Amino acid sequence: MATPLTTKKSLFSLEDKVVLITGGYGHLGRAIVAGLLDQGATVVVLGREEASFNAAFAELEDNSKAHFIPCDVASTHSVKAAFRHSSATVGLPSVLINNAFYSRGNQPESLTDEEFAFGLDGSLGSTYRCIQAIIPFFRESGAGKIINVASMYGIVAPDFGAYTSTPQFTNPPHYGAAKAGVIQLTRYFASYLGKENIQVNCVTPGAFPSQPVQAHEAFVAELTQRIPLGRIGQPEDLQGAFVFLSSQASNFVTGHNLVVDGGWTIR
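Everything numeric in this text was worked out from a predicted model, so none of it was measured.

1. Topic: the packing of aromatic side chains
The geometry of an aromatic ring pair is captured by the separation of the ring centres together with the interplanar angle, meaning the angle of the planes.
Then comes step 1: Overall, the coordinates contain 13 aromatic pairs when judged by the stated rule.
Then comes step 2: Aromatic pair Tyr128 and Phe189: ring centres 6.3 Å apart, planes at 40°, arrangement tilted. Linking Tyr128 in helix α4 (residues 113-141) with Phe189 in helix α5 (residues 173-193), this pair joins segments that are 61 residues apart in sequence.
Then comes step 3: By relative accessible area, which is 7% here, Phe189 ends up buried.
Then comes step 4: Between Tyr153 and Trp264 the ring centres are 6.4 Å apart and the planes differ by 85°, which places this aromatic pair in the edge-to-face class. Separated by 111 residues along the polypeptide, Tyr153 in the loop between β5 (144-149) and α5 and Trp264 in the segment after β7 (257-260) bring together distant segments of the chain.
Then comes step 5: Using a relative accessible area of 8% as the deciding quantity, one classes Tyr153 as buried.

This is the structure in structure tokens:
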């Protein structure tokens, strides 16, 4: 017998969701947060600089559902404390978005061991710490969604021809290695947590250069000619992916890597 059709609120509504996001006031994070707020989510931005949070969201007409809680993703103690604080003051989390990262050094032949390890930890280690720390809260509520942020360079190697005239922008070896690890970590925890009604997915952005980088028109032109859609990504292009994976529309989606790259990785 077929399941009867029913009508309900929008599949993409986030009205009842508390979303935690690391790296929420940066180049991409700011747009991601705005997209979540547009769908009614309560968003907790976890970061080290409250002044940067205030500056990023000063233009919001209504920022009553955007909250800042101090957190250093390099520290397990800080992450756990921030999650406890958020749960106690805002409510049990529904979604965790791991968007923060830190890095040092970029030239493959001159990276020190310390720089390589630091870069790995900045993407992969920080993501692992946050996943591990959120599990008890999702178990308490009986559900949860984790969204990790990877990169096209976790899927394909850099095309170094794009960096010939701008070597300062060369993508470092630890970045892609760590982001590939993030994709695998997503699959690992999707399998590990699936029976507990916790979905774990990943968003992989393509070329989304920051505003200062976009000032280098020759570099942007190099990127653009490698993108089938013929343009670089803008932060708002990511909003739909995060709304989808945060909402009930993705309740049967887990272990998935949603690539938002204008087609870069299809070639």
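Read on for the rest.
2. Topic: the state of the cysteines
Then comes step 1: Under the defined criterion, the tally for this structure stands at zero disulfides.
Then comes step 2: Left without a disulfide partner, Cys71 is nearest to the cysteine sulfur of Cys130, which lies 5.9 Å away.
Then comes step 3: Overall, the relative accessible area of 6% leaves Cys71 in the buried class.
Then comes step 4: The closest cysteine sulfur to the non-disulfide-bonded Cys202 is located on Cys130, 14 Å from its own sulfur.
Then comes step 5: The exposure class assigned to Cys202 is buried, which follows from its relative accessible area of 0%.

3. What to know about the pairing of strand β2 (residues 42-47)
Then comes step 1: Burial analysis of β2 places six of its six residues in the buried class, which makes it a mostly covered element.
Then comes step 2: Across five bridges, the pairing between strand β1 (residues 18-22) and β2 is parallel. Paired with Leu20 across the strands is Val44, a residue of β2.
Then comes step 3: Handedness of the β-α-β unit built from β1, helix α1 (residues 29-38) and β2 comes out right-handed.
Then comes step 4: Taken together, the five bridges between β2 and strand β3 (residues 66-70) define a ladder with parallel strand orientation. Pairing of Gly47 across the sheet is with Pro70, part of β3.
Then comes step 5: One crossover worth recording links β2 to the parallel β3 by way of helix α2 (residues 50-56), and it is right-handed.

What counts, and where the lines are drawn
- Residues numbered from 1 in each chain as written.
- Predicted model: local features only at pLDDT ≥ 70, side-chain atom pairs only at ≥ 80, totals over all residues.
- Heavy atoms only, no water.
- Phe/Tyr/Trp six-rings, centres within 6.5 Å; stacked < 30°, edge-to-face > 60°.
- Helix = DSSP H or I, 4+ residues; strand = E, 2+ residues; numbered from the N terminus.
- Buried < 20%, exposed > 50% of the residue type's maximum accessible area, 1.4 Å probe, protein only.
- Disulfide = S-S within 2.5 Å.
- Pairing = 2+ DSSP bridges.
- Right-handed = clockwise from strand over helix to strand, strands pointing away.

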